[in-house]
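Take a look at the letters that make up each chain.
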Amino acid sequence: MKEFDTIAAVSTVLGEGGISIIRVSGDKCLGIVDSIFKAKNGKNLSDMKPYTMRYGHIIEKETGDILDEVLVSFMKGPRSFTAEDTVEINCHGGVTPTKKVLQEVIKAGGRLAEPGEFTKRAFLNGRIDLSQAEAVIDIIRSKTELSMKSAVLQSEGRVSKEINSLRNKLLQIIAHIEATVDFPEEDLEEITGNEVKKDLMEIEKDIDRLLDTADEGKILREGLNVVIVGKPNVGKSSLLNALLMEKRAIVTEVPGTTRDVIEEYINLDGVPIKIVDTAGIRETEDIVEKIGVQKSKEKINESDLVILMLDSSAELDNEDYEIIDYIKDKKYIVLLNKRDLGCRINTNQLKELNSKYIIETSAKTGEGIEKLKQCIKDLFFNGEVKSGDVIITNTRHKEALIRAKESCKSAMDTLTNTLAIDLASIDIRNAWLTLGEITGETLEEDIIDKIFSEFCLGK
């Protein structure tokens, strides 16, 4: 276990609530808290048993005044989150009492923790690997039960287990090659080369299996970015309200009611989907509406999926065609809305668009909403959102897997073209090192610092 100074931070959200928790971690944590704590039973914290709590008050050192009534808990390292001695002060919730207690801890010798420093210490002390550490922040930021479940599996080491298995296989290949090089015989080198190619092909299949989950995994982790576009007054805001099942956006018969972008999350079978309602796209002289139209076009460019709404009760016009032309190269679903008012659109005019993703709807009555949800699942999840499997959710992990696969391919090409197993071993070792970046075993320190800097304070 590495030696660090003692750090402290608020581990709960600042605001009014039942309790707040100030976490203190490091070899001096017990002494620091003991110097500002007065137990009800009159005892010092130095004789406190691990994994117990003690009731008392936090005292302001300078004045001796009671700051708050608290419970103090003690976890002995390495059986704690950071694998260090850790004290947690449970004080009353609220910004003022929480900040005052933390301030006294800092005055007594603690240092304010940097973002993610507690989890970083757990990693550096060997309690968790980097993949598990990254899963901690994913759990905190998860927006649905399924995205949280995926992050929990990663935090338990399911992804690490898969990666370590691949690295062990690569290490065995490297050892086999080195043994062959140490005992050079022409036929032995050829036999080893053929065996190595077979093993690398199996490893490549395993990497492909993990990469196949990456696109779905990214959506589970970050959410699917869906933007609703169309002319003014085609029912975009009504659709947003229908999906949310609440009146989130103002709906009127006046074209151009929505001036700004409205963003909300919905849960689609456990997948977090950010629905963006945009201003109607049209030529306008209104300065505010013009800004809204420009924002709408920016959101289209940033989106994973475009939902184009057309008014089926009216014939298509030039404005409709301009929007159709703008989105035709993106993933899209076309909704022929206002089905309850009858249909005047000639579907032959939509022949440039894939009919599979054209749905008749009525945002007013709810007709077609379930079909829209199924269409989204068909586009991104082959019709079904799966759970319980190992899924690659982190873009950094995906990139490392791609680079490892390229190294394996390069090694196989070398073996096919030259039979030089010693040259192939260089690429195989690169694959082994690249996979080690996922668990943090071979990652440079500055990149590790950047990863943890994105964590919240107190975690």
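Reading the values: rules and limits
- Residue positions are counted from 1 within each chain, in the order its sequence is given.
- Confidence filtering applies because this is a predicted model: local features only for residues at pLDDT of at least 70, side-chain atom pairs given and counted only at 80 or more, and all residues used for totals across whole chains, interfaces and linings.
- Note that the side-chain values use all heavy atoms of the structure and ignore hydrogens as well as water.
- UniProt positions are given in the numbering used here, feature names are shortened, and annotations may be inferred rather than shown by experiment.
- When DSSP finds at least two bridges between two strands, those strands are taken to pair.
- Strands are runs of DSSP state E lasting at least two residues, helices are runs of H or I lasting at least four, and both sets are numbered from the N terminus onward.
- Only the stretch in contact is used when fitting a helix axis, every axis being a line fitted to C-alpha atoms; angles between N-to-C directions are given from 0 to 180 degrees.
- The contact criterion used throughout is that any non-hydrogen atoms of two residues lie within 4.5 Å.
- Burial status follows relative accessibility: with a 1.4 Å probe on protein chains alone, a residue under 20% of its type maximum counts as buried, one over 50% as exposed, and anything between as partly exposed.

As annotated in an unreviewed UniProt entry, the protein carries the name tRNA modification GTPase MnmE and is attributed to Clostridium liquoris. The protein has a UniProt comment under Sequence similarities (unreviewed entry) that states "Belongs to the TRAFAC class TrmE-Era-EngA-EngB-Septin-like GTPase superfamily. TrmE GTPase family." Quoted verbatim from the Subcellular location (unreviewed entry) field of the UniProt record, the comment on the protein reads "Cytoplasm".

Strand order across the open sheet formed by six strands is E9-E10-E8-E11-E12-E13, with mixed pairing between neighbours. Every other strand in the sheet has two partners, leaving strand E9 (262-268) and strand E13 (358-360) as the edge strands with one partner each. Here the average twist between neighbouring strands, direction ignored, is 25 degrees. With five bridges joining them, strand E8 (residues 224-230) and strand E11 (residues 305-311) adopt parallel strand pairing. For Gly230, the partnering residue across the bridge sits in E11 and is Met309. Along the sheet face, helix H8 (residues 214-222) touches E8, E9 and strand E10 (271-277) and points at about 70 degrees away from the line of E10.

With an omega of 10 degrees, the peptide bond running from Gly77 to Pro78 counts as cis. Locating Pro78 in the fold gives a position in the loop between strand E5 (66-75) and strand E6 (86-92). Even without being a glycine, Tyr51 presents a positive backbone phi close to 65 degrees. Mapping Tyr51 onto the fold places it in the loop between strand E3 (37-39) and strand E4 (52-59). Unlike most non-glycine residues, Ala83 shows phi in positive territory, near 70 degrees. The exposure class assigned to Ala83 is buried, which follows from its relative accessible area of 4%.

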